[in-house]
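Chain by chain, the residues:
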Amino acid sequence: MATATTMRPLVSLALPQEGAARLATQLFLALAGTLLLTLSAKTKVVLGPVDISMQTLAVFLIAAAFGMRLGVATLLLYMAEGAMGFPVFQGTPEKGVGIAYMLGSTGGYLAGFVVMAAIVGWAADRGWDRHPIKLFNAMLVAEVVMMAMGFGWLALLIGSEKSWQFGVVPFIVGDLIKVALAATLVPAAWSLLKRS
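Residues numbered from 1 in each chain as written. Predicted model: local features only at pLDDT ≥ 70, side-chain atom pairs only at ≥ 80, totals over all residues. Heavy atoms only, no water.

Participant: Run through the overall build of the chain, naming residues and quoting values.
Facilitator: In terms of helices and strands, the chain carries seven helices and two strands. Mapped from its N terminus to its C terminus, the chain presents α and β elements in the order α-β-β-α-α-α-α-α-α. At 17 Å, the chain has a C-alpha radius of gyration in line with the 16 Å of a compact globule built from 196 residues. With the C-alpha coordinates of the chain rotated into their principal frame, the extents come out at 50 × 35 × 30 Å. Pairs at least 24 residues apart make up 68% of the contacts formed inside the chain by residues separated by at least 6 positions. Surface exposure of the chain reaches about 10300 Å², of which carbon and sulfur atoms provide 72%. Across the chain, the centroid of the 13 positively charged side chains sits 7 Å from that of the 9 negatively charged ones. (Helix = DSSP H or I, 4+ residues; strand = E, 2+ residues; numbered from the N terminus. Rg over C-alpha atoms; globule rule 2.2 N^0.38 Å. Contact = heavy atoms within 4.5 Å. Areas by Shrake-Rupley, 256 points an atom, 1.4 Å probe, with all protein chains shown as cover. Lys, Arg positive; Asp, Glu negative; His and termini not counted. Charge placed at Lys NZ, Arg CZ, Asp CG, Glu CD.)

Participant: For the layout of surface pockets, give the residues involved together with the corresponding values.
Facilitator: Volume-wise, the second largest pocket comes out at about 360 Å³. Pro-9, Ser-12, Arg-22, Phe-66 and Asp-125 are, among the 18 residues lining the second largest pocket, the residues nearest its centre. At the level of secondary structure, the elements contributing two or more residues to the lining of the second largest pocket comprise α1 (19–42), α2 (55–83) and α4 (107–125). Class assignment of the residues belonging to the lining of the second largest pocket gives a composition of eight nonpolar, five polar and five charged. (1 Å grid on protein atoms, 1.4 Å probe; cavity = no way out; pocket = protein on both sides within 12 Å on 5 of 7 lines; lining within 4 Å. Points joined across faces, edges and corners; volume = space filled by probe spheres on them. Nonpolar A, V, L, I, M, F, W, Y, C, P; charged D, E, K, R; others polar.)

Participant: Which residues make up the packing of aromatic side chains, and what values do they have?
Facilitator: Summed over all chains, the structure comprises four aromatic pairs. Geometrically, the ring pair formed by Phe-151 and Trp-164 is edge-to-face, given 6.1 Å between the ring centres and 85° between the ring planes. In this pair, Phe-151 sits in helix α5 (residues 132–158) while Trp-164 sits in helix α6 (residues 160–167), placing the two residues 13 residues apart along the sequence. Sitting over the ring of Trp-190, Arg-130 keeps its end group 3.9 Å from the ring centre. (Phe/Tyr/Trp six-rings, centres within 6.5 Å; stacked < 30°, edge-to-face > 60°. Lys NZ or Arg CZ within 6 Å of the ring centre and 35° of its normal.)

Participant: Pulling in residues and values, what's your account of α4?
Facilitator: For α4, which comprises 19 residues, the first-to-last C-alpha distance of 27 Å matches the rise-based estimate of 27 Å (1.5 Å per residue) to within 8%. Where burial is concerned, most of α4 is hidden: 14 out of the 19 residues are buried. Positive backbone phi, at 85°, marks Gly-127, one or two positions downstream of α4. (Expected span 1.5 Å × (residues − 1). Buried < 20%, exposed > 50% of the residue type's maximum accessible area, 1.4 Å probe, protein only.)

Participant: Which residues make up the nonpolar core, and what values go with them?
Facilitator: In terms of nonpolar packing, the biggest core is built from 46 residues, with Phe-60, Leu-75, Tyr-78, Met-79, Phe-89, Val-120 and Met-139 touching the most fellow members. Taken together, the elements giving at least two residues each to this core come down to α1, α2, α3 (98–102), α4, α5 and α7 (172–195). Per element, the largest residue contribution to this core is 14 residues, and it comes from α2. Once residues lying within four places of it in the same chain are set aside, the contact partners of Met-139 are Phe-60, Ala-64, Val-120, Val-179, Ala-182 and Ala-183. (Core = buried A, V, L, I, M, F, W, Y, C linked by side-chain atoms within 4.5 Å.)

Participant: Any chance you could break down the environment of Gly-150 for me, citing the residues and the numbers?
Facilitator: Among the secondary structure elements, Gly-150 is positioned in helix α5. Under the relative-accessibility criterion, Gly-150 is labelled buried at 0%. Discounting chain neighbours no more than four positions away, the residues touching Gly-150 are Gly-108 and Tyr-109.

Participant: If you had to explain the packing of α2 against α7 to someone new, which residues and values would you point to?
Facilitator: Closest axis-to-axis distance for the α2/α7 pair is 9 Å, and the angle between their directions is 30°. With respect to α7, the element α2 is oriented roughly parallel. The crossing of α2 and α7 is right-handed. On the side of α2, the interface is formed by Thr-56, Leu-57, Phe-60, Leu-61 and Ala-64, while α7 contributes Asp-175, Lys-178, Val-179, Leu-181, Ala-182, Leu-185 and Val-186. Class assignment for the residues of the contact of α2 with α7 results in nine nonpolar, one polar and two charged. (Axes fitted to C-alpha atoms, helices over the stretch in contact; angles between N-to-C directions. Parallel < 35°, antiparallel > 145°, perpendicular 65-115°, else oblique. Left-handed = near helix turned anticlockwise from the far one by under 90°.)

Following this line, the structure appears as structure tokens:
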């Protein structure tokens, strides 16, 4: 007899089982997630020549807590808000808004956030969000994929050498710290819930 490979993500504890209440709660959570993404994009830590936002940390936490479907839906809603011209991204409105901004230097990273949410959400759906090492590994893979997408798009715009120098290297240490932090926080939340 085969065992189910899907477990419930953290957010499932707060979701009604079915019907309009479940849909309304999911919509509320997705909107709250986009607000968190916007706030994290605007929260900057200056390390050297670049500003590092807390956005990847927010993507990790949303995906791990929401699971793949709701996590990806939240990221797609966030992208839609940005495409409609809302100033939800790190450089908006100062560096432009809407589709034009999304096709600029950060376009690959933004698309990578959706893939990142899918990878981490998939792992959470399989119970990896309860184990720091498994979750760290999933988040690290998601981080590498997102950075590769960002690097690839930026390389088309400014060349691979500058893309590596300005689009990857300055973010490595900060993003590794965010991976480790997120991979610790979500299993810790599960542990606290088990005790209560």
